[in-house]
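# Examination of the molecular architecture
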Amino acid sequence: MICAKLLTQAARLALRDELGANQSALMHKIPKVELHVHIEGTLTPELRWRLAQRRGVKARFGHDDIKIDTLQDLRTAYDNIISSAQLCAGLPSEHLVTFFQAYYSGFEFLTTRQDFYDLAMDWFRRAAAMNVRYCEPFFDPQGHTSRGVTWEDMMGGFRDAQRTAASELNIQSRWIMCFLRDQPPEDAIKHYKAALEYRDMIVGIGLDSNERDRPPCLFEEVFALARRDGFKLTAHCDVGVKDTHTHIRQVASTLAGGCGLDRMDHGLNVADKTDLTALVAQRDMSMTICPWAYLRRETYDSIAERIRVLVDAGIRVSIASDSPAYTDQSWVTHNLLLTQRMCGFTDRDMVKLVKNGVDASWAEPNVKEAILLEIDAVQDS
Ligand code: HPA
Ligand code: ZN
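Report follows, based on the coordinates. (Residues numbered from 1 in each chain as written. Chains lettered and ligands numbered in written order. Predicted model: local features only at pLDDT ≥ 70, side-chain atom pairs only at ≥ 80, totals over all residues. Heavy atoms only, no water.)

## Brief notes about the overall build of the protein chain
Each helix and strand counted, the protein chain has 18 helices and ten strands in total. Over its C-alpha atoms the protein chain spans a radius of gyration of 19 Å, differing by no more than 12% from the 21 Å that the globule rule assigns to 381 residues. Overall, the C-alpha framework of the protein chain stretches about 50 × 50 × 45 Å when taken along its three principal axes. The buried share of the protein chain, reckoned over its 381 residues, is 58%. Sequence-distant contacts, at least 24 apart, represent 79% of the contacts inside the protein chain between residues at least 6 apart. About 15000 Å² of surface is accessible on the protein chain, with carbon and sulfur atoms providing 51% of the total. The positive charge centre, built from 45 side chains, and the negative charge centre, built from 53, are 1 Å apart in the protein chain. (Helix = DSSP H or I, 4+ residues; strand = E, 2+ residues; numbered from the N terminus. Rg over C-alpha atoms; globule rule 2.2 N^0.38 Å. Buried < 20%, exposed > 50% of the residue type's maximum accessible area, 1.4 Å probe, protein only. Contact = heavy atoms within 4.5 Å. Areas by Shrake-Rupley, 256 points an atom, 1.4 Å probe, with all protein chains shown as cover. Lys, Arg positive; Asp, Glu negative; His and termini not counted. Charge placed at Lys NZ, Arg CZ, Asp CG, Glu CD.)

## Topic: the pattern of salt bridges
Considering all chains together, one arrives at 28 salt bridges under this definition. One salt bridge in this structure joins D213 and K242, with 2.3 Å as the shortest N-O distance. Here the residue D213 occupies a position in the loop between β6 (202-208) and α11 (220-228), and K242 occupies one in the loop between β7 (232-237) and α12 (244-258), the gap between them amounting to 29 residues. You can call D213 partly exposed: its relative accessible area is 43%. A salt bridge links D243 to K242; the nearest nitrogen and oxygen atoms lie 3.6 Å apart. Assessed through its relative accessible area of 39%, D243 is described here as partly exposed. A relative accessible area of 37% places K242 in the partly exposed class. Through salt bridges with shared partners, a single ionic network connects R54, R55, D115 and D118. (Salt bridge = Lys/Arg side-chain N within 4 Å of Asp/Glu carboxyl O.)

## Structural notes on the environment of I176
When you line up the elements, I176 lands in strand β5 (residues 175-180). Relative accessible area serves as the criterion here: at 0%, I176 is assigned to the buried category. Along the sequence, I176 and Y300 sit 124 residues apart, while their C-alpha atoms lie 29 Å from each other. Residues within four places of I176 in sequence aside, it is in contact with E136, P137, F138, F139, V203, G204, I205, G206, T234, R263 and W362.

## Re the packing of aromatic side chains
How two aromatic rings sit relative to each other is given by the distance of their centres and the angle of their planes. Under the criterion given, the structure shown has 18 aromatic pairs. When the centroid spacing of 5.5 Å and the interplanar angle of 25° are considered together, the rings of F99 and Y103 count as stacked. Of the two residues, F99 and Y103 both sit in helix α6 (residues 99-105), four residues apart, roughly one turn of that helix. For the residue pair F99 and Y103, the accessibility class agrees, reading buried in each case. Through pairs of rings, three or more aromatic residues link up here, namely F61, Y78, F99, F100, Y103, Y104, F107 and Y326. Across from the ring centre of W331, 4.1 Å away, lies the NZ or CZ of R126, which sits over that ring. (Phe/Tyr/Trp six-rings, centres within 6.5 Å; stacked < 30°, edge-to-face > 60°. Lys NZ or Arg CZ within 6 Å of the ring centre and 35° of its normal.)

## Some points on the side chain of T327
Note on placement: T327 falls in the loop between β10 (316-319) and α16 (332-343). On the basis of relative accessible area, T327 is assigned to the buried category, the value being 4%. Setting aside anything within four residues of it in sequence, one finds T327 in contact with W292, A293, R296 and S321.

## Overview of the packing of helix α3 (residues 45-55) against helix α7 (residues 113-129)
Relative orientation of the contacting elements α3 and α7 amounts to 160°, with a least axis distance of 11 Å. Between α3 and α7, the crossing angle belongs to the class labelled roughly antiparallel. Crossing handedness for the pair α3 and α7: right-handed. Of α7, the residues touching α3 (which contributes L47, R50, L51, R54 and R55) are Q114, D115, D118, L119 and D122. (Axes fitted to C-alpha atoms, helices over the stretch in contact; angles between N-to-C directions. Parallel < 35°, antiparallel > 145°, perpendicular 65-115°, else oblique. Left-handed = near helix turned anticlockwise from the far one by under 90°.)

## Structural notes on the coordination of the zinc ion (ligand 2)
Looking at the metal site, the zinc ion (ligand 2) is ligated by H36 (NE2), H38 (NE2), H236 (NE2) and D322 (OD), spaced 2.0 to 2.4 Å from it. Here the zinc ion (ligand 2) binds four donor atoms, and the angle range of 75 to 137° at the metal identifies the geometry as irregular. Judged by its relative accessible area of 7%, D322 is buried. (Donors = N, O, S within 2.8 Å, 3.2 Å for Na, K, Ca; no water. Tetrahedral: all angles 85-135°; square planar, octahedral: opposite > 155°, others 65-115°.)

## With respect to the sheet that holds strand β9 (residues 286-289)
If you trace the seven strands from one edge of the open sheet to the other, you get β3-β5-β6-β7-β8-β9-β10, paired in parallel fashion. At either end of the open sheet lies a strand with only one pairing partner, and these are β3 (138-139) and β10. Pairing between β5 and β6: six bridges, direction parallel. If you follow F179 over to β6, its bridge partner there is L207. (Pairing = 2+ DSSP bridges.)

By themselves, these figures tell us nothing about what the structure is for.
Okay, structure coming up:
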C-alpha cells in the first residue's frame, strides 16, 4: 500500500521515473495548460550551471555550506531539498537546504535580459514537448529589482521568450506578477505601479513566498487596486501552514473589496472543513493543485483523499507543477499522472481536470476554444 507515511526521497524519484516512462499515457499527449508554474522555479540544475559558467561565478546552491564543484553536485543538491517542516523536526541544518533557500538562491543567476530569456525559453521548450498550449507563469519581480535588475531587462527577456514561444512553439502565454508576502505591502504597491508599463504582458496578480504569519489581508490595498484596474487575482494558500483556514477564508470571501479573489493556488486544506469546501464551490472559484509539491510534507494518502473531496464537491480543480525544478523535477505531466494514480481517476476523469484548467485560465476565448477542440480530438483518436 502506498502509503500512510511520507514517501522517502528514493520512493519519490522512483515514482517520477515510473510515471514518466509510459509515454503512451493520455496525460502525455493531451494538449494542456499550466496555470501554476513559477518561472524562477523552472531553473534546472543544468541551466543554473550554464548561467553560472557564463557569468564566471560558482554555482552556489542554498547556502555556503553546500559544496558545489560539479554539475553532478548540483543535481544531487536539488534531489536533497527538504521542506521547512523537516528542518523544524530537528534535522541537522548545515548540510540541508530548504525549498525556499534553494528557490531564492537561484535568483542570483538571473541578471541580464539574456538570462531571463534563457530561463523562460528553457521552460517554453519543455512545455512544448509536454503539449502545453497555453500557460500563465508567475514571476517574482521583487526578488530581482532588489538585486539591481532593471524592469527592462527582466520584462524584456520574458517578452522576447513569450514571442518566440508563440511563433515557434505554438504556446500562448500571459504572465502573473506575484508579490512576496514576506516583504512589506508598501513594496508590493511600489512594484505594482512600476509594472503598469508592462500591462499588456500581465494578466493577473498573485501572492507567494513564505506564508507563516503573513495573512493575505495584509495585501488588501494592492489587491483592491489591481481589481479596480482590471487584473485577475489569485493568491497562494500553502498546504498545512499555520492559520491556513483563516487565510483560505480571506482569499475566498473577503479580499479585494469584500468578494474574494478569482482563483486560489494550492488551498488543499479547503477539503478539511465542509463550510470552506461549500464556500469555494458556491463561489465557483478555481483552484490550482500541485500534488508533487506536497509530497515532502504530506502523506500520499492524505493528499489523494483531499483532492477527491474537492473534485467531488464540484470545485474547478486544475493540476499544475508549482516549482518543478525544485520538486524532484516533476513537471505538469508528472503531476497529472500522479493525480490519476493517487486518486484512482479514469482517463475520462482526467480529461475533465485538464479541461478545468482551460476553463479556469485567463486566456482569450478563441485560445480556450481551440485547445478544447484539440483535447476532444485527441481523446477521440
Ligand atoms: N509557495 C509559496 N511561494 C512560492 C512557492 C510556493 O509553493 N513556489 C515558489 N514560491
Ligand atoms: Zn506556487
